[in-house]
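Letter by letter, the chains look like this.
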Amino acid sequence: MGEVWKAHDPRLNRDVAIKVSAAQLSERLEREAKAIAALNHPNMCTLYDVGPNYLVMELIDGQPLKGPLPLDQALKYAAQTCDALDAAHKKGITHRDLKPANILVTKTGINLLAFGLAKLGSPGPGQGAKPPSDATLTMALTGINEIVGTLYYMSPEQLQAQANGQEIDVRSDIFSFGLVLYEMLTGKRAFEGSSPASVIAAIMERPAP
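One structure accompanies this document, and this report is about it.

Procedures and definitions
- Sequence order as written defines the numbering, with residues in each chain counted from 1.
- The predicted nature of this model means local features are confined to residues of pLDDT at least 70 and side-chain atom pairs, given and counted, to a pLDDT of 80 or more, with totals for whole chains, interfaces and linings taken over all residues.
- Excluding hydrogens and water, the side-chain figures rest on all heavy atoms present in the structure.
- The rule for a salt bridge is simple: a side-chain nitrogen of Lys or Arg has to be within 4 Å of a carboxyl oxygen of Asp or Glu.
- The secondary structure listing takes helices from DSSP runs of H or I that are at least 4 residues long and strands from runs of E that are at least 2 residues long, numbered from the N terminus.
- Type-normalised accessible area, obtained with a 1.4 Å probe on protein chains alone, sets the label of each residue: buried when under 20%, exposed when over 50%, and partly exposed for intermediate values.
- As used here, the arc belongs to the directions running from the helix axis to the C-beta atoms.
- Note on pairing: DSSP must find at least two bridges between two strands before they are called paired.
- The criterion used for residue contact is that any of the two residues' heavy atoms lie within 4.5 Å.

**Focus: the pattern of salt bridges**
1) Next: Counted according to the given criterion, the structure contains 9 salt bridges.
2) Next: The salt bridge partner of glutamate 30 is lysine 34, with a shortest N-O separation of 3.3 Å. Of the two residues, glutamate 30 and lysine 34 are both situated in helix H1 (residues 26-37); the distance of 4 residues between them amounts to about one turn of the helix.
3) Next: A residue is classified by how much of its surface remains accessible, and glutamate 30, at 44% relative accessible area, is partly exposed.
4) Next: Notably, a salt bridge pairs aspartate 86 with lysine 90, separated by 3.1 Å at the nearest N-O pair. You can see aspartate 86 and its partner lysine 90 sitting in helix H2 (residues 71-90), 4 residues apart, about one turn around the helix.

**Here we look at helix H5 (residues 196-205)**
1) Next: The set of residues buried in H5 consists of Val199, Ala202 and Ile203. Taken down its axis, H5 places every buried residue within 95° of arc, on the same side. Within H5, the exposed residues directed more than 90 degrees away from the buried face are Ala197 and Glu205.

**Quick notes on the pairing of strand E2 (residues 14-21)**
1) Next: Pairing of strand E1 (residues 2-9) with E2, which is carried by 8 bridges, proceeds in the antiparallel orientation. Residue histidine 8 lies in a different strand from E2, and its bridge partner there is aspartate 15.
2) Next: Linking two consecutive strands that pair antiparallel, namely E1 and E2, is a turn of 4 residues; a positive phi of about 55° is found at asparagine 13 within it.

**Considering the side chain of threonine 94**
1) Next: Here threonine 94 lies in strand E6 (residues 93-94).
2) Next: With sequence-adjacent residues up to four places away left out, threonine 94 is seen in contact with His89, Ala118, Lys119, Asp169, Val170 and Asp173.

Read these as geometric descriptors, not functional statements.
Rendered as structure tokens:
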């Protein structure tokens with residue numbers, strides 16, 4: 001999306017993170033700002049300020065989630081991730097890019113980051129009205145076809161969305177969370193392949209391990 005800098009706010013004497021977007025991705029930055037502003041949760045960062053092409057956010061001191069982890073630790077982090085996702089889903093926000101790199105492990109637990117691909121709409125099934133259709137496509141697989149998110153952690157519905165216009169909702173995040181949990185426990189991705197096409201085939205055709 002751009003660059004993230006560590007900076008110091010002299011007015012309030014605190015360190016912050018400043019995310020500066022590439023010009024063509026300002027829409028994603030706006031989406032991320034709206035998603036973070038709608039949420040107030042201990043396992044998510046706080047938004048301090050927003051500008052035309054930047055966000056000023058809480059500086060999170062942590063490392064990306066990495067497995068394998070001991071069972072008790074994996075369950076602790078998994079529960080905190082679920083709690084943060086549930087808070088987002090109740091606000092009608094589907095993350096759409098849940099992966100270990102977007103989950104920071106800090107001294108006090110996990111912090112869910114990166115809402116730049118989030119879908120802002122109505123709560124999903126069982127939580128309110130049906131969300132609106134969204135054909136936003138962002139991750140290039142070829143020069144023409146693009147798919148939102150990170151390939152290894154996508155749900156089958158997320159992969160199908162471009163081809164048939166199928167709507168995705170919070171259940172897609174739940175599938176992605178299952179893949180993250182698998183990696184927490186095993187240290188391996190649930191679906192692998194030698195090319196994007198083989199990863200897609202694995203997700204579409206094989207049951208999740």
